[in-house]
Amino acid sequence: PYRWNLLSGWWVTLQISAASLVGSVAVGVLLTAGQLSGHAIPSFLCRVFVEVIRGTPLLTQILIGYYLIANSIGWDSRFGVGLVILSCFSGAYLSEIFRGGVESIPKSQWLSALAIGFTGAQTYRYVVIPQAIRRVLPASAGQFANLIKDSSLLFVISMHEFTMQAREANSNTYATFEAYLPLVLGYFLLTFPISLLSRHLENRFR
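Reading the values: rules and limits
- Residues numbered from 1 in each chain as written.
- Predicted model: local features only at pLDDT ≥ 70, side-chain atom pairs only at ≥ 80, totals over all residues.
- Heavy atoms only, no water.
- Helix = DSSP H or I, 4+ residues; strand = E, 2+ residues; numbered from the N terminus.
- Buried < 20%, exposed > 50% of the residue type's maximum accessible area, 1.4 Å probe, protein only.
- Patch = residues over 30% accessible without salt bridge, like charges linked within 9 Å, V, L, I, M, F, W, Y side chains within 5 Å.
- Areas by Shrake-Rupley, 256 points an atom, 1.4 Å probe, with all protein chains shown as cover.
- Salt bridge = Lys/Arg side-chain N within 4 Å of Asp/Glu carboxyl O.
- Phe/Tyr/Trp six-rings, centres within 6.5 Å; stacked < 30°, edge-to-face > 60°.
- Polar contact = N/O pair within 3.5 Å; in protein donor to acceptor, adjacent residues only side chain to side chain.
- Contact = heavy atoms within 4.5 Å.
- 1 Å grid on protein atoms, 1.4 Å probe; cavity = no way out; pocket = protein on both sides within 12 Å on 5 of 7 lines; lining within 4 Å.
- Points joined across faces, edges and corners; volume = space filled by probe spheres on them.
- Nonpolar A, V, L, I, M, F, W, Y, C, P; charged D, E, K, R; others polar.

Some details on unusual backbone geometry
Now for step 1: Within the chain, Ser158 stands out as a residue other than glycine whose phi angle is a positive 60 degrees.
Now for step 2: Counting through the fold element by element, Ser158 comes out in the loop between helix H6 (120-150) and helix H7 (162-173).
Now for step 3: Here Ser158 falls in the partly exposed class, since its relative accessible area comes to 33%.
Now for step 4: For Tyr174, which is not glycine, the phi torsion reads 60 degrees and is therefore positive.
Now for step 5: Residue position: Tyr174 is located in the loop between H7 and helix H8 (176-205).
Now for step 6: Judged by relative accessible area, Tyr174 falls into the exposed class, the value being 70%.

Observations concerning a nonpolar patch on the surface
Now for step 1: A surface patch of nonpolar side chains, amounting to about 500 Å² of accessible area, comprises Ile41, Phe44, Leu45, Val48 and Val52.
Now for step 2: Its place among the elements puts Leu45 in helix H2 (residues 40-54).

Structural notes on the packing of aromatic side chains
Now for step 1: By the definition in use, this model includes six aromatic pairs.
Now for step 2: With 5.0 Å between their ring centres and 85 degrees between their planes, Tyr66 and Tyr67 make a pair best called edge-to-face.
Now for step 3: Under the relative-accessibility criterion, Tyr67 is labelled partly exposed at 42%.

A look at the side chain of Ser152
Now for step 1: Positionally, Ser152 belongs in the loop between H6 and H7.
Now for step 2: For Ser152, a relative accessible area of 16% corresponds to the buried category.
Now for step 3: Within the structure, Ser152 has its side chain in polar contact with the backbone oxygen of Lys149 (distance 2.7 Å).
Now for step 4: Setting aside residues up to four positions removed in sequence, Ser152 forms contacts with Glu161, Thr163 and Tyr187.

Structural notes on the layout of surface pockets
Now for step 1: Its boundaries defined by the atoms lining it, the largest pocket holds a volume of some 560 Å³.
Now for step 2: In terms of lining residues, the largest pocket is bounded by 20 residues, among which Val29, Phe98, Ile133, Val136 and Ser140 are the most central.
Now for step 3: For the lining of the largest pocket, the secondary-structure elements that each account for two or more residues are helix H1 (3-35), helix H4 (78-103), H6 and H8.
Now for step 4: It is H6 that provides the largest number of residues to the lining of the largest pocket, a total of nine residues.
Now for step 5: Class assignment of the residues belonging to the lining of the largest pocket gives a composition of 17 nonpolar, three polar and no charged.
Now for step 6: The space that makes up the second largest pocket amounts to roughly 290 Å³.
Now for step 7: Lining the second largest pocket are 15 residues, and of these Gln61, Ile64, Gly65, Ile69 and Ile85 sit closest to its centre.
Now for step 8: If you list the elements that add at least two residues to the lining of the second largest pocket, you get H2, helix H3 (58-72) and H4.

Structure below.
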């Protein structure tokens, strides 16, 4: 009787995960650019943001973000709040992955690019980013998979995503196995394609 509820929750999880993946990449790129900008204030602010986000539990961020910050400004969209929080949380981790990939490029390649007349933008476009992408793909894929699984914590703000629908089915029927087994299959269907895509891109860029 609860299969349509579970399917509806899985669809919500798919939507919030897909939107958060895009948002987290955008946040990660902005934070990486800020940290590597060479300007003290943007670099310091981005660094503080990253450390605060990475140093506090996601569950705490969700509770504070929705019940304290969002409520204080009259924003009652659980989907929107969840999207912002997940994007910021995952974006902070992605920024460290991206920054590590950029900084792993040997200094000699930067100097060689400048020596043949490349501008800073051309150096990033033709020398640094193509190599950095190959180096950050495995870690980024792992972070994307974690983001999908972390979306299950949104049940604490009564968002009717996959995990909450399973919890409601279990509480109403006490059929624990039937309620939670679909979670394993559902989240696997969301994370496994990311693993396959990551492997494909690694082989392609190699």
